[in-house]
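# Residue-level structure breakdown
Read off the chains here:
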Amino acid sequence: MSEVFPPKGAAMPRHVAIIMDGNGRWAKQRGLPRAYGHRQGVLTLEPVIEAAGEWGVEALTIFAFSTENWARPRDEVAALMGLIVEFFNKKIDELDKKGVCIRIIGDLDGVPELQRRTAETAMARTACNTGLKLNIALNYGSRQEIVRAARLLAEMCSRGQMRPEDIDENALEDALYTRGLPPVDLLIRTSGEERLSNFLLYQCAYAEFVFVPELWPDFTREVFERALLAYFGRARRFGRVEADARVTKKG
Ligand code: FPP
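## Details of the packing of helix 2 (residues 34-55) against helix 3 (residues 74-97)
Here helix 2 crosses helix 3 at 25°, and the two axes come no closer than 10 Å. Between helix 2 and helix 3, the crossing angle belongs to the class labelled roughly parallel. Crossing geometry of helix 2 relative to helix 3 is assigned as right-handed. Residues R34, A35, H38, R39, V42, L45, E46 and I49 of helix 2 form the contact with helix 3, whose own contacting residues are E76, A79, L80, L83, E86, F87, K91 and L95. Grouping the amino acids of the contact of helix 2 with helix 3 by side-chain chemistry returns 9 nonpolar, 1 polar and 6 charged.

## Points about the site of the ligand
Taken together, the neighbourhood of the ligand is formed by 20 residues, with M20, R25, R34, H38 and R72 sitting nearest. Here an oxygen atom of the ligand and a backbone polar atom of G22 are 3.3 Å apart. Contact between the ligand and R34: an oxygen atom at 2.9 Å from a side-chain N or O atom of the residue. Here the ligand, which alone exposes 620 Å², has 91% of that area covered by the protein. For the shell around the ligand, the elements supplying multiple residues, two or more each, are helix 1 (23-29), helix 2, strand 2 (59-66) and helix 3. When residues of the shell around the ligand are assigned to their parent elements, the largest contribution, 5 residues, is made by helix 2. Split into classes, the residues belonging to the shell around the ligand amount to 10 nonpolar, 6 polar and 4 charged.

What counts and how
Residues numbered from 1 in each chain as written. Predicted model: local features only at pLDDT ≥ 70, side-chain atom pairs only at ≥ 80, totals over all residues. Heavy atoms only, no water. Axes fitted to C-alpha atoms, helices over the stretch in contact; angles between N-to-C directions. Helix = DSSP H or I, 4+ residues; strand = E, 2+ residues; numbered from the N terminus. Parallel < 35°, antiparallel > 145°, perpendicular 65-115°, else oblique. Left-handed = near helix turned anticlockwise from the far one by under 90°. Contact = heavy atoms within 4.5 Å. Nonpolar A, V, L, I, M, F, W, Y, C, P; charged D, E, K, R; others polar. Near = heavy atom within 4 Å. Polar contact = N/O pair within 3.5 Å; in protein donor to acceptor, adjacent residues only side chain to side chain. Areas by Shrake-Rupley, 256 points an atom, 1.4 Å probe, with all protein chains shown as cover.

See the structure below:
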């Protein structure tokens with residue numbers, strides 16, 4: 001790996017999103033229950049959050065639990081829910097001290113009371129922090145998010161608070177869970193799978209995708225650096241002919 005990271009002149013992505021895939025396979029390879037893979041996956045998160053903050057990434061969005069994950073075996077859902085509470089209970093002091101601002105994206109009304117209250121407490125406690133914006137997708141589905149946004153805008157129209165012709169990209173973006181965040185610049189998915197799985201469909205319109213073969217529990221700071229190096233090498237054109245200066249212009 002490069003001795004100096006990030007390399008001189010490289011423009012960090014403002015917003016990195018990660019699909020933390022492969023926990024189940026990691027556990028299976030070791031003859032362990034899937035829940036062990038998720039537990040190891042939480043440990044993997046710590047250096048990733050640390051590195052993103054250190055490198056000046058503005059927002060990091062991680063996919064912790066999707067609207068479809070409720071269909072997993074009951075004990076696995078329970079294990080994931082337990083880990084979410086454990087993560088907040090164990091990590092909130094440290095994250096707060098580092099200035100991390102936590103936001104849950106997803107339908108919190110649909111998660112059990114304990115998880116909802118724990119997440120809301122973490123959000124309230126870190127709301128004024130000005131460091132890394134850590135967005136945790138919990139009971140999140142991008143189609144559901146877009147439908148919800150459409151409904152919010154329709155309700156505003158029917159109350160006379162806006163007119164249908166006022167609905168533009170800004171209005172729609174303001175109605176998404178990710179309101180106020182920059183669009184995703186870099187999406188990383190681990191475990192070799194190459195799909196979006198209903199994650200940030202709108203926000204990833206011009207994201208660069210980097211798929212790495214490592215299973216999430218094996219994702220290290222070095223793998224993160226490698227993914228970023230791949231990103232730095234991309235010419236981002238945003239539909240134009242000239243490459244965008246943000247990634248490719250050095251020095
Ligand atoms: C996908 O791997 C991973 C998930 C569905 C859950 C990701 C959750 C965590 C890393 C822990 C919880 C997060 C927080 C913030 C406390 P998979 O189980 O689908 O793996 P597989 O494809 O190998 O079966």
